[in-house]
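Below, each chain spelled out in residue letters.
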Amino acid sequence: MTYTFSNRIANLAPSAIREILKASSQPGVIPFAAGNPAPEAFPVEAIREISARLLAERPIDCLQYSVTEGYGPLRERVKADLSTRLNCGTDADSLIITSGAQQVIDLAAKVLCNEGDVVISESPSFIGSLNTFRSYGLRLRGVPMRDDGMDLDALESILKTEKQKVRFIYTIPQYQNPSGISTSLEKRRRVYELALRYGTLILEDNPYGELRYEGEDVPAIKSMDTENIVIYAGSFSKILSPGLRVGYALGPAPVLAKMTVGKQASDVHTTIFAQLLVEEWLRRYDVAAHIAALRVMYRAKRDLMCDGLAGTPLRFARPGGGLFLWCALPEHIGMLDFARRAVGRKVAVVPGSAFLVEEGESVNAVRMNFTTPTDEQLARGVEILAELLAEYSA
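Everything in this summary refers to the structure shown in the same document. (Residues numbered from 1 in each chain as written. Predicted model: local features only at pLDDT ≥ 70, side-chain atom pairs only at ≥ 80, totals over all residues. Heavy atoms only, no water.)

A count of helices and strands for the chain gives 14 helices and 11 strands. Radius of gyration (C-alpha) of the chain: 21 Å, near the 21 Å computed for a compact globule of 394 residues. The proportion of buried residues among the 394 residues of the chain is 53%. In the chain, the proportion of contacts linking residues at least 24 apart, taken out of those at least 6 apart, comes to 76%. Only carbon and sulfur atoms are counted for the fraction: they give 52% of the accessible area of the chain, which is about 17200 Å². Of the side chains in the chain, 44 bear a positive and 47 a negative charge, and the two mean positions are spaced by 3 Å. (Helix = DSSP H or I, 4+ residues; strand = E, 2+ residues; numbered from the N terminus. Rg over C-alpha atoms; globule rule 2.2 N^0.38 Å. Buried < 20%, exposed > 50% of the residue type's maximum accessible area, 1.4 Å probe, protein only. Contact = heavy atoms within 4.5 Å. Areas by Shrake-Rupley, 256 points an atom, 1.4 Å probe, with all protein chains shown as cover. Lys, Arg positive; Asp, Glu negative; His and termini not counted. Charge placed at Lys NZ, Arg CZ, Asp CG, Glu CD.)

Axes are the key here: two packed helices are described by the angle between their axes and the distance separating the axes. Axis separation between helix 5 (residues 72–86) and helix 11 (residues 272–284) bottoms out at 9 Å; the angle between their running directions is 45°. Put simply, helix 5 runs oblique to helix 11. Where helix 5 crosses over helix 11, the handedness of that crossing is left-handed. Residue-level inspection shows Pro73, Leu74 and Arg77 of helix 5 in contact with helix 11, the latter providing Gln275, Val278, Glu279, Leu282 and Arg283. Here the contact of helix 5 with helix 11 is composed, by residue class, of 4 nonpolar, 1 polar and 3 charged. (Axes fitted to C-alpha atoms, helices over the stretch in contact; angles between N-to-C directions. Parallel < 35°, antiparallel > 145°, perpendicular 65-115°, else oblique. Left-handed = near helix turned anticlockwise from the far one by under 90°. Nonpolar A, V, L, I, M, F, W, Y, C, P; charged D, E, K, R; others polar.)

With that settled, the discussion passes to the nonpolar core. Membership of the largest hydrophobic core comes to 111 residues, with the highest contact counts inside it found for Phe32, Phe133, Leu155, Phe338 and Val349. Those residues in contact with Leu155, other than ones at most four positions away along the chain, are Ile120, Val143, Met150, Ile169, Val191 and Leu194. The next biggest cluster of nonpolar side chains, apart from the first, holds 9 residues, and it includes Ala348, Val350, Ala354 and Phe355. (Core = buried A, V, L, I, M, F, W, Y, C linked by side-chain atoms within 4.5 Å.)

Following the sequence through the fold, Thr171 ends up in strand 5 (residues 166–171). Look at Thr171 and you get buried, because its relative accessible area is 2%. A polar side-chain atom of Thr171 sits 2.5 Å from a polar atom in the side chain of Glu122. (Polar contact = N/O pair within 3.5 Å; in protein donor to acceptor, adjacent residues only side chain to side chain.)

Turning our attention to the state of the cysteines. Tallied over the full model, the rule gives 0 disulfides. Summary of cysteine pairing: Cys306 is not part of a disulfide, and the nearest cysteine sulfur, belonging to Cys327, is at 7.6 Å. A relative accessible area of 1% places Cys306 in the buried class. (Disulfide = S-S within 2.5 Å.)

A rise of 1.5 Å per residue sets the reference length of helix 6 (residues 100–112), with its 13 residues, at 18 Å; its end C-alpha atoms lie 19 Å apart and thus fit the reference within 8%. Listing the buried residues of helix 6 in full gives Gly100, Ala101, Gln103, Val104, Ile105, Leu107, Ala108, Ala109 and Leu112. (Expected span 1.5 Å × (residues − 1).)

This part covers the packing of helix 13 (residues 335–344) against helix 14 (residues 375–393). Between helix 13 and helix 14, the shortest axis-to-axis distance is 11 Å and the interhelical angle comes to 135°. The pairing of helix 13 with helix 14 is recorded here as oblique in orientation. Considering how the two elements wind past one another, helix 13 and helix 14 form a crossing that is right-handed. Between helix 13 and helix 14, the contacting residues are Asp337, Phe338, Arg341 and Ala342 on the first element and Leu385, Leu388, Leu389, Glu391 and Tyr392 on the second. When grouped by side-chain class, the residues that make up the contact of helix 13 with helix 14 number 6 nonpolar, no polar and 3 charged.

What follows concerns the pairing of strand 9 (residues 324–328). Burial analysis of strand 9 places 5 of its 5 residues in the buried class, which makes it a mostly covered element. Side chains Phe324, Trp326 and Ala328 project from strand 9 onto one buried face, and the interleaved Leu325 and Cys327 project onto a second face that is buried too. One ladder, built from 5 bridges, connects strand 9 with strand 11 (residues 365–369); its direction is antiparallel. Across the sheet, residue Phe324 finds its bridge partner in strand 11, namely Asn369. (Pairing = 2+ DSSP bridges.)

Another point: the sheet that holds strand 7 (residues 230–235). Read from one edge of the open sheet, 8 strands run 1-8-7-6-5-2-3-4, paired in mixed fashion. The open sheet terminates on both sides in strands that have one partner only, identified here as strand 1 (93–98) and strand 4 (149–150). Pairing between strand 5 and strand 6 (residues 201–205): 4 bridges, direction parallel. Looking at strand 6, one finds that Ile169 is bridged to Ile202. The strands touched by helix 8 (residues 152–162) within the sheet are strand 2 (118–123), strand 3 (139–146), strand 4 and strand 5, with strand 3 carrying the most contacts at an inclination of about 160°.

What follows is about the pattern of salt bridges. Scanning the entire structure with this criterion turns up 33 salt bridges. Between Arg284 and Glu49 there is a salt bridge; the shortest N-O distance is 3.1 Å. A residue pair is termed long-range when its members are at least 10 positions apart, and Arg284 in helix 11 and Glu49 in helix 3 (residues 44–57) qualify at 235 residues. For Arg284, a relative accessible area of 35% corresponds to the partly exposed category. The shortest N-O distance in the salt bridge between Asp151 and Arg146 comes to 2.8 Å. (Salt bridge = Lys/Arg side-chain N within 4 Å of Asp/Glu carboxyl O.)

What follows concerns the sheet that holds strand 10 (residues 350–351). With antiparallel pairing, 3 strands are arranged side by side in an open sheet as 9-11-10. Of all strands in the sheet, those with a lone pairing partner are strand 9 and strand 10, marking the two edges.

Further remarks concern the side chain of Thr98. Within the secondary structure, Thr98 is located in strand 1. Its relative accessible area of 0% is what places Thr98 among the buried residues. Engagement of the side chain of Thr98 in a polar contact is seen with the backbone nitrogen of Tyr248, the distance being 3.3 Å. Excluding its chain neighbours within four sequence positions, the residues that come into contact with Thr98 are Gln103, Val104, Leu107, Arg245, Val246, Gly247, Tyr248, Lys263 and Thr270.

Limitation: the analysis is restricted to geometry and does not speak to function.
Listed below in structure tokens is the structure:
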């Protein structure tokens, strides 16, 4: 039997990160290639208590179909939190609950774009989103990242060149994956102004915003949105549990209405048991204290990785939050060779090329995660990488 696949999936390569994670799952491999929260970060006892309570008191609510938009009390709680904490959302915005922030990305592409339309993205950027855009046959245009966010001259040049073909600008302005860069307040304002001037939407993805280890919070682009052109994607994956698959989209009501229809064709609704659990966790537990503890734990892990690599030829900026360290290699060390030799020594890292947006772009860097490994693995992993880097100069 010869199998024929759709045009939109036939040429889509498996995620390089997922392929490397296969190596990471082997016994003894130190998982610097992952992007998971630390296992000890999960509030297991709270989840166990809430689950037991829900199944004892509300079993039918937990197990029955629900509405596509999401569980009403959770939607209202999240929307109120975004308004209070981030000054995001107006009467012209709606909020829906999704199966992780990844589904927000998928639904935005599904309802806003036709094959051949243009999506502008930071480059490098999150491979999961890039592959989603590619699966819909979209044309990706990459904007190089600087130390404080996108190159605005390059962004405006693309907006001018592509004109009406641009459907939205995709950005991760806070502790970007993979670079760890946070876009400055001035650049966030300019990105919004450019989108408004050229008549395009912004898809603001913020999975890491609450994992800030130093400095001050920077306002979200959505908080500047007076003209309803920003779709904001958020998630509970990094502060509660990625396995629950609960995320949300806040954005213009007409767009969210179409995304709801698109969601009905995908999964009918996000798992209602998970939604009930998240709502009760937000209502009954000290979430602020939980996030504060995460910040302490992850700051220590970040410092352990950064301090261990400080004397090596790798060039990196200590990120102010998030999960990742983006490390540029010296010219004489090839990225793919380094990644292969590292995994051969039981340390998995991700080649930076996995995150590039357009063909023809090049990079000589690797992404490393500091939240998944144990402290012992972090210490041993950076020691192994330091030894490997020294061998290139021997």
